[in-house]
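# Summary of the model geometry
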Amino acid sequence: FNGNLPLAVSAQSRFTTLEQLIEQARKETVTFGSYGAGSIAHMVAHNLNKAAGTRFNVVHYKGEVPMWTDVAGGHVQCAVGSYPGMLPMLQKGLVRPLAVTTRHRSPQMADVRTFAQIGFAQPVFTMQGYMGIFAPAHLPVDILRRLDEAFQEGAKTAPIRSIHASFGGPEVMPARPAEFEKLWREQTPIWVGLARELNVTDE
């Protein structure tokens, strides 16, 4: 699970709400930082343009560090990225988060609304990112069960809980194999569809 992804502006920006930013982006082009073509940031900008009639112009960076540096300096007007990527700038008071993805607010940014709470319920704004662990298709059931139990127990330990919290999302336990398979089958076509809208290839 990769936590909530914040949309943020410079702390010096005149925008204090997502609604203000969207209103401006309907009137004129607003630069929007993305940490890579085909990333969730890229998808968020694209879908805001579709849903809200905005004119966000996506600026792709090679990673989050230069992107957040430019947001803090006002060289790009807003961006979407990870909580840990944004955190150094947030701790220095250089950026201001306006909204977060997924359905639930981030415990670390409890005063920041979700896109859904603001009125954007399209999949890219509400789906939960995740990291999956895969095994050979014919792995014996008893071994699969033991691995699952080990992951469940490991998730309860202090180091893993600390790492999870660093991503800015609510605390959750690892999905059971059947739950993960359901999630995979339901969400993969949606992510693939979003990538195709952006003409993203695997090159």
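Note that this is a predicted model, so its numbers are computed, not measured.

### Some points on the sheet that holds strand S3 (residues 56–60)
- Strand order across the open sheet formed by five strands is S3-S2-S4-S1-S5, with mixed pairing between neighbours. With one partner strand each, in any of the chains shown, S3 and strand S5 (95–100) form the two edges of the open sheet. With strand direction ignored, the average angle separating the axes of adjacent strands in the sheet is 30°.
- Pairing geometry for strand S1 (residues 6–10) and strand S4 (residues 78–80), over two bridges, is antiparallel. From the neighbouring strand, Leu7 faces S4, where its bridge partner is Val80.
- Set on the sheet, helix H2 (residues 40–52) makes contact with S1, strand S2 (30–34), S3 and S4; between it and S2 the angle comes to about 150°.
- Packing against the sheet, helix H4 (residues 83–91) makes contact with S1 and S5, and its axis sits at approximately 145° to S5.

### What about the packing of helix H3 (residues 64–72) against H4?
- Where H3 meets H4, the closest approach of the two axes is 10 Å, and the angle between their N-to-C directions is 35°. For H3 against H4, the interelement crossing comes out right-handed. In this structure, H3 contributes Glu64, Trp68, Thr69 and Ala72 to the contact, and H4 contributes Gly85, Met86 and Met89.

### Here we look at the nonpolar core
- Among the nonpolar cores identified, the biggest contains 32 residues, and Leu7, Leu18, Leu21 and Leu48 are the most heavily contacted of them.
- In terms of residue count, H2 provides more of this core than any other element does, seven residues in total.
- Not counting chain neighbours up to four residues away, the residues in contact with Leu48 comprise Leu7, Ile22, Phe32, Gly53, Thr54, Phe56, Phe115, Phe120 and Phe125.
- Membership of the second largest hydrophobic core comes to 15 residues, among which are Trp68, Val71, Tyr83 and Val112.

### Observations regarding H2
- With 13 residues, H2 extends 17 Å between its outermost C-alpha atoms, agreeing within 8% with the 18 Å of an ideal straight helix rising 1.5 Å per residue.
- Where H2 is concerned, the buried positions are Ile40, Ala41, His42, Met43, Val44, Ala45, Asn47, Leu48 and Ala52.
- Backbone geometry just downstream of H2 places Gly53 in the positive-phi region, at approximately 70°.

### Comments concerning the packing of H2 against helix H9 (residues 177–197)
- For the pair H2 and H9, interaxial distance at closest approach is 10 Å and the crossing angle is 75°. Our classification of the angle between H2 and H9 gives roughly perpendicular. Across the interface between the two elements, Ile40, Met43, His46, Asn47 and Lys50 from H2 touch Trp191, Leu194, Ala195 and Glu197 from H9.
- Per-class residue counts for the contact of H2 with H9 are five nonpolar, two polar and two charged.

Criteria and thresholds
Residues numbered from 1 in each chain as written. Predicted model: local features only at pLDDT ≥ 70, side-chain atom pairs only at ≥ 80, totals over all residues. Heavy atoms only, no water. Pairing = 2+ DSSP bridges. Helix = DSSP H or I, 4+ residues; strand = E, 2+ residues; numbered from the N terminus. Axes fitted to C-alpha atoms, helices over the stretch in contact; angles between N-to-C directions. Contact = heavy atoms within 4.5 Å. Left-handed = near helix turned anticlockwise from the far one by under 90°. Core = buried A, V, L, I, M, F, W, Y, C linked by side-chain atoms within 4.5 Å. Buried < 20%, exposed > 50% of the residue type's maximum accessible area, 1.4 Å probe, protein only. Expected span 1.5 Å × (residues − 1). Parallel < 35°, antiparallel > 145°, perpendicular 65-115°, else oblique. Nonpolar A, V, L, I, M, F, W, Y, C, P; charged D, E, K, R; others polar.

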